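# Notes for the structure review
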Amino acid sequence: MNGIHDLGGMHGLGPIDQEANEPYFHEEWEGRVFGMFFANFAQGHFNVDQFRHAIERMDPAEYLQSSYYEHWLHAFETLLHEKGIISPDELDRKQAELSQAGDS
């Protein structure tokens, strides 16, 4: 498959900047998203191929403008919605709730 997500081995993209002593997670939420993978996988909500495919279906501009764990979060939202586990309304309500809590 040739898509925006498959940049490995392409020439002309410049050097890869490696962060010295890079932490596992740059933000606390990234660790929570990492844990969500195992919880959802163990519950049988998706398999690894479905997870990867959900990331590959991201809009190319969104993919390039988002971080590694934002790709994961997008995949969770996509798959859980497609499987009827969460509705867009439920997701919107939770995002609003978390946003308001962050403003406090």
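Conventions adopted
Residues numbered from 1 in each chain as written. Predicted model: local features only at pLDDT ≥ 70, side-chain atom pairs only at ≥ 80, totals over all residues. Heavy atoms only, no water. Buried < 20%, exposed > 50% of the residue type's maximum accessible area, 1.4 Å probe, protein only. Helix = DSSP H or I, 4+ residues; strand = E, 2+ residues; numbered from the N terminus. Contact = heavy atoms within 4.5 Å. Polar contact = N/O pair within 3.5 Å; in protein donor to acceptor, adjacent residues only side chain to side chain. Axes fitted to C-alpha atoms, helices over the stretch in contact; angles between N-to-C directions. Parallel < 35°, antiparallel > 145°, perpendicular 65-115°, else oblique. Left-handed = near helix turned anticlockwise from the far one by under 90°. Nonpolar A, V, L, I, M, F, W, Y, C, P; charged D, E, K, R; others polar. Phe/Tyr/Trp six-rings, centres within 6.5 Å; stacked < 30°, edge-to-face > 60°.

## A look at helix α2 (residues 48-56)
- What α2 keeps buried is the set F51, A54, I55 and E56.
- Of the surrounding elements, those touching the buried residues of α2 are α1 (28-42), α3 (60-65) and α4 (68-82).
- For α2, the capping residue at the N-terminal end is N47, with a side-chain oxygen 3.0 Å from the backbone nitrogen of D49.

## Focus on the packing of α1 against α4
- Between α1 and α4, the shortest axis-to-axis distance is 10 Å and the interhelical angle comes to 40 degrees. Considered as vectors, α1 and α4 are oriented oblique to each other. In terms of crossing hand, the pair formed by α1 and α4 is left-handed. Between α1 and α4, the residues in contact are W29, E30, V33, F34, M36, F37 and N40 and Y69, E70, W72, L73, F76 and L80, respectively.
- Residue composition of the contact of α1 with α4, by class: 10 nonpolar, one polar and two charged.

## A few points about the packing of aromatic side chains
- Under the definition given, this model contains 16 aromatic pairs.
- Here F25 and F34 contribute two aromatic rings whose centre-to-centre distance is 5.6 Å and whose plane-to-plane angle is 55 degrees, an arrangement assigned as tilted.
- Residue classification places F25 among the partly exposed positions, given a relative accessible area of 30%.
- Taking the centre distance of 5.7 Å and the plane angle of 35 degrees together, the rings of F51 and F76 count as tilted. Within this pair, whereas F51 is found in helix α2, its partner F76 is found in helix α4, the two being separated by 25 residues in sequence.
- Classification of F76 as buried rests on a relative accessible area of 2%.
- Counting every residue linked through ring pairs, the aromatic cluster contains F25, F34, F37, F38, F41, F46, F51, Y68, Y69, W72 and F76.

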